[in-house]
Amino acid sequence: MATFRNIVVLTGAGISAESGLKTFRAEDGLWEDHPVEEVATPEGFARDPDLVQRFYDERRAQVLAAQPNAAHEALGRLDREFGGELLIVTQNFDDLHTRGGAERVLHMHGEALSAWCTACDARHPWRGTLRDGPPCPSCGAAAMRPDIVWFGEMPYQMDRIFASLSAADLFVSIGTSGAVYPAAGFVQAASDTGSRTLELNLERSAGSHRFDETRLGPASELVPEWVDAVLGE
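Residues numbered from 1 in each chain as written. Predicted model: local features only at pLDDT ≥ 70, side-chain atom pairs only at ≥ 80, totals over all residues. Heavy atoms only, no water.

As recorded by an unreviewed UniProt entry, the protein carries the name NAD-dependent protein deacylase and is attributed to Aurantiacibacter marinus. Its UniProt record, at the heading Function (unreviewed entry), says of the protein: "NAD-dependent lysine deacetylase and desuccinylase that specifically removes acetyl and succinyl groups on target proteins. Modulates the activities of several proteins which are inactive in their acylated form." On record in UniProt, under Sequence similarities (unreviewed entry), the comment for the protein is "Belongs to the sirtuin family. Class III subfamily." (UniProt positions renumbered as here; feature names shortened; annotations may be inferred.)

Caption draft 1: Molecular detail of the pattern of salt bridges. The full count for this structure, using the stated rule, is 13 salt bridges. The salt bridge involving Asp95 is made with Arg99; its shortest N-O contact spans 2.9 Å. Asp95 gets classed as buried once you look at its relative accessible area, which sits at 14%. Glu213 serves as the salt-bridge partner of Arg215, at 2.8 Å between the closest nitrogen and oxygen. Residue Arg215 is classed as partly exposed on the basis of its relative accessible area of 28%. (Salt bridge = Lys/Arg side-chain N within 4 Å of Asp/Glu carboxyl O. Buried < 20%, exposed > 50% of the residue type's maximum accessible area, 1.4 Å probe, protein only.)

Caption draft 2: Quick peek at the packing of helix H5 (residues 70–81) against helix H9 (residues 219–230). Following both chains from N to C, one finds H5 and H9 inclined at 15°, their axes separated by 7 Å at the closest point. Between H5 and H9, the interaxial angle falls into the category roughly parallel. Relative to H9, H5 is oriented so that their crossing is left-handed. Contact with H5, carried on its side by Ala70, Ala71, Ala74, Leu75, Arg77 and Leu78, involves Ala219, Ser220, Val223, Pro224, Trp226, Val227, Asp228 and Val230 of H9 and no other residues of that element. Tallied by class, residues from the contact of H5 with H9 come to eleven nonpolar, one polar and two charged. (Axes fitted to C-alpha atoms, helices over the stretch in contact; angles between N-to-C directions. Helix = DSSP H or I, 4+ residues; strand = E, 2+ residues; numbered from the N terminus. Parallel < 35°, antiparallel > 145°, perpendicular 65-115°, else oblique. Left-handed = near helix turned anticlockwise from the far one by under 90°. Contact = heavy atoms within 4.5 Å. Nonpolar A, V, L, I, M, F, W, Y, C, P; charged D, E, K, R; others polar.)

Caption draft 3: Local environment of the sheet that holds strand S10 (residues 196–201). Across the sheet, which stays open at both edges, the six strands sit in the order S5-S4-S1-S9-S10-S11 with parallel pairing between neighbours. Edge strands, defined here as strands with exactly one partner in the open sheet, are strand S5 (105–107) and strand S11 (213–216). Direction aside, neighbouring strands of the sheet carry axes that sit 15° apart on average. Sheet analysis places strand S1 (residues 6–11) next to strand S4 (residues 85–90), joined by six bridges and oriented parallel. Considered in S4, the bridge of Thr11 is made with Thr90. Along the sheet, helix H7 (residues 158–167) contacts S1, S4, S5 and strand S9 (170–174); its crossing angle with S1, the most-contacted strand, is approximately 130°. (Pairing = 2+ DSSP bridges.)

Caption draft 4: Region of interest: unusual backbone geometry. Note that the residue after Tyr181, namely Pro182, is joined by a cis bond; omega there is 10°. One non-glycine residue with positive phi stands out, namely Asp121, at about 70°. For Asp121, the position within the fold is in the loop between strand S6 (110–117) and strand S7 (123–125). Within the chain, Gln157 stands out as a residue other than glycine whose phi angle is a positive 55°. Here Gln157 lies in the loop between strand S8 (144–148) and H7.

Caption draft 5: Up close: the nonpolar core. In this structure, Ile7, Val9, Leu75, Ile174, Val223 and Trp226 are the most contacted members of the largest nonpolar core, which totals 24 residues. Ranked by the residues each element gives to this core, the list is headed by H9, at six residues. In this structure Val223 touches Ala71, Ala74, Leu75, Ile174 and Leu200, once residues within four positions along its chain are discounted. (Core = buried A, V, L, I, M, F, W, Y, C linked by side-chain atoms within 4.5 Å.)

Caption draft 6: Highlighting the packing of aromatic side chains. Throughout the structure, instances matching the rule amount to five aromatic pairs. Where Phe45 meets Trp150, the ring centres are 5.3 Å apart and the plane angle is 50°; that geometry is what we call tilted. With a gap of 105 residues between them, Phe45 in helix H3 (residues 42–47) and Trp150 in the loop between S8 and H7 connect regions that are remote in the sequence. Overall, the relative accessible area of 2% leaves Trp150 in the buried class. One aromatic cluster is present, built from ring pairs that chain together Phe45, Phe55, Tyr56 and Trp150. (Phe/Tyr/Trp six-rings, centres within 6.5 Å; stacked < 30°, edge-to-face > 60°.)

Below, the structure written as structure tokens:
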């Protein structure tokens, strides 16, 4: 296998599905039986904040109950043992990468176990409910919402992500649909600067034709195999 010194990994809902966390949106357009517009847009939050807070309280509880699977643990091992540059960009809001041992992780769509105060812009680790309007630990305002990027909002740290993609010699996409931008465009951004591109997925994504190579199967099998190869085992 070729030697790589700068790797960017993108992970999507497919890597956490084997830990029991449902993918973001089903084929019928619903997420956990709710129209996405109701629970994943600023407009939905403005219309019914109690519904949205209750929805994310439930998602937070699901994340806390889930456990990392072999794919998360393999990426944690890659983080520990790979001597080059590495950035794991995840579209997921769970903390399974961190609990799987990875530290070089960027949550482009926010984190379930974080709350954002819209009054003072502070973010705080959060494991409990937000439905009862708890005060912000920084400013005391009752203006806390889930620290999740909703439709119509800009994903986090895009400048850093694209800078990393431009410097990478390998881009790997794991468990993503390839249908949601801007993440769906990462493979093209990596290809444009000469990066090798690899897709690891249960089935071909919408952007599968843009990858140099696609390997199909469960993430819990494909990712450990790939990490072993990168580390020379």
